[in-house]
Every structure is written in structure tokens, then in C-alpha cells.
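The chain contents come next:
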Amino acid sequence: MSLSLDLSLRRDGHHSLTSVPAFLDDALRRYTSVTFHAIQRICDGDSRVYRGNLDLSSEETIEVVCKIVLNEDSDRLEDEARLYTERMKHLQGTTVPRFYGLFSGTYVNPAGRTRAIRCIIVEEWGSSMSKITHLPMSLRITIIEAVLRIHAAGVKHNDLRFPNILISEDKSEVRIVDFDNASEHTCPRSMPVILYAWEPTLADFGCREIHDFVSDLEIWTSATVRYLGRLHSVHLSPTAEEMFKSAQPDVPDEPEERLLARAETLLKNYATLYGARFPFIGPPGSPIYEGEDAASRAVLEPKVINVDRLEKCRPSNQTQIT
């Protein structure tokens, strides 16, 4: 059974609306009440999120997503609405969903009591991402580009989990959602994101949220391996002998040849995982990513890459995501 919510537009009027359907635009600007009929609960945490229909009459309906909180917890909805309509206004419909408004209303709970609520309503779009396995590299690049545009607009998401990333059915577009933990942000990123480059340190890169997210999406190539309980740089220790020496004096009481064999196996496994990238960024021991070097180094064109066919791709001009 669907949950019916009677919603009326807040009359403060300071959240300007963009990209709303014509019939809804006319109703909202006249402060006409609208009704939301919930069909499916998407998630249930600090706020409840529903997919359903917003309608004025039996003939005028659109599919939307409605995020609901009780009135006493509604300050963060004000903040989220402000981000949608101010800093991210130009990103609606391309990077974030279209924002249809901040509403107040009531519903009758299972105990029969009428509760006052507030909610924001956005367009219903795509499906959430659950994992990155077999995700085309072109789509990973599109996701990163969306996050970079949000940061460029002065917004830090603060909850970049995969369920908050929506993907179109043909896997060509994305939308970032759920900004109730977001904050205004002057991004300290100091370098571009470069496909398959050796992973820079956080200190060099500048922005933790983007750095960690790019790393999670496996855009960069890891430059470290764990050997004898410690992380070792494959640039400083590209051979088993050098890795064994770098582990001194903290080595277990085992024969040297056994420890060397362990390092050799570790580096072989590393090459199996990342070796297809070496023709484009160089093998371990090559210069670590620097801005000037990155401008001339060839990597794969992300718009045509599928990670499952990486070895079949050919290098082209290096791709920077700016």
C-alpha cells in the first residue's frame, strides 16, 4: 500500500526553482498544494527517502524522489535546498538531479497521529551504483568529472559512497545525490586527475575527498606494496633484492633466499595486476607523477576504455580530468 503525503510549498520563497515541469512550475509559483504518493522506500536513516509520484490531478503526474524529515530535524534540508538552488543551480540535470522544491506537509503515522514533516523533492533518475567491479573506465572518468564539477561549484559532498552515485541505463551519464551532509568548500586540489598515473600523495594532491574517491575508483596506479608487514614503494624498491634491503633491519628470522622469493612473488603479482598500464606510464622505478611530465606522457583514452579489454587498447594523448 502506498504512503500518501499531503505537501504544500513553503512560503518563504527564497529557494528559486529551476527545470521543473511546466504544470508543476505554475502550481508552485501560485503556492498550490500538491500531493506525493510514495511507491517504494529507497532508504531509511536520519531521513526517509521514497520514490513515488507527485501530482496535481489524476491526469498530471511526474515520477520523483522525496526525502522526508520531521520538522525538528529539518535544518539540514534547508542547507541542502540552498546548495541545490545556489551553488549547484547550474549543475541540475547534468551532474545532480533537477530540484523541484522544499516543502512542508503532514502525514498520518501507523499509530494514527498526524505528524508535521518537511521534505525536498528531486527528479527520479537512474539507479544507484553498488560496486566498481567491471565498471567501464569511461564511466569511472564520468563519475570523477561530476565530483570535480561539484567541488568547482564550492561544494564538498562528505558522503561519497557508491549508493549516492546514480548511473543511467546505458552507463553513459551519472548524477550525484544526497547532499544532507554536504558543506561549502574551497577545494585545495593542486593538480589534475590523470588516468593511470602513479598515485600522488595526499600532501601533493591537496583535496582528501577527491584523492580518496579517485583511489577507490582505481583511476590511479598504486605505487606501494606490503612486504614483511610494511608498505614499500615500488619506485624505490623495484626489484626483490632492493625490496629486501629496504626492509632491513626489520626482517624475520628466516633464510634470505626465502625472503627474496617472497619479494619476487609479491612483485610478480603486482605486475600481473598493473602490468598492462606500464607501457603508458613506465614500469616501477619510472619518474613519479609530476605536472610537467604528465603533459607529455601517453595514457589510454578513457572514453573508449573498458578495463576488461585493457591489454587490447592503444595509447593516445594523455587524458587529464580538470
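Computed from a prediction, not measured in an experiment: that's the story for all the values here.

## Re the packing of helix α3 (residues 137–152) against helix α5 (residues 208–216)
Relative to each other, α3 and α5 sit at 175°, their axes nearing to 11 Å. By the angle class used here, α3 and α5 are roughly antiparallel. Contacts between α3 and α5 involve I143, I144, V147, L148 and H151 from the first element and E209, I210, F213 and V214 from the second. In terms of residue class, the contact of α3 with α5 is made up of 7 nonpolar, 1 polar and 1 charged.

## Quick look at the packing of aromatic side chains
The final tally for this structure, using the stated rule, is 7 aromatic pairs. Consider the rings of Y270 and Y274, whose centres lie 5.1 Å apart with planes at 55°: the pair is tilted. Highlighted residues: Y270 and Y274, both in helix α7 (residues 256–274), separated by 4 residues, approximately one helical turn. In terms of burial, Y270 and Y274 fall into one category: buried.

## Here's the deal with the sheet that holds strand β7 (residues 127–128)
In space, the 3 strands of this open sheet follow the order β7-β9-β10, with antiparallel pairing throughout. Sheet topology places β7 and β10 (174–176) at the edges, where each strand pairs with a single neighbour.

## A short note on the layout of surface pockets
Volume-wise, the largest pocket comes out at about 660 Å³. If you go around the largest pocket, you meet 32 residues; those closest to its centre are C43, V49, N164, V177 and D178. Those elements that place two or more of their residues in the lining of the largest pocket are β2 (34–44), β3 (48–57), β4 (60–70), α2 (75–85), β6 (114–123) and β7. No other element matches the 4 residues that β6 contributes to the lining of the largest pocket. Its residues placed into classes, the lining of the largest pocket shows 13 nonpolar, 7 polar and 12 charged.

Rules behind the numbers
Residues numbered from 1 in each chain as written. Predicted model: local features only at pLDDT ≥ 70, side-chain atom pairs only at ≥ 80, totals over all residues. Heavy atoms only, no water. Axes fitted to C-alpha atoms, helices over the stretch in contact; angles between N-to-C directions. Helix = DSSP H or I, 4+ residues; strand = E, 2+ residues; numbered from the N terminus. Parallel < 35°, antiparallel > 145°, perpendicular 65-115°, else oblique. Contact = heavy atoms within 4.5 Å. Nonpolar A, V, L, I, M, F, W, Y, C, P; charged D, E, K, R; others polar. Phe/Tyr/Trp six-rings, centres within 6.5 Å; stacked < 30°, edge-to-face > 60°. Buried < 20%, exposed > 50% of the residue type's maximum accessible area, 1.4 Å probe, protein only. Pairing = 2+ DSSP bridges. 1 Å grid on protein atoms, 1.4 Å probe; cavity = no way out; pocket = protein on both sides within 12 Å on 5 of 7 lines; lining within 4 Å. Points joined across faces, edges and corners; volume = space filled by probe spheres on them.

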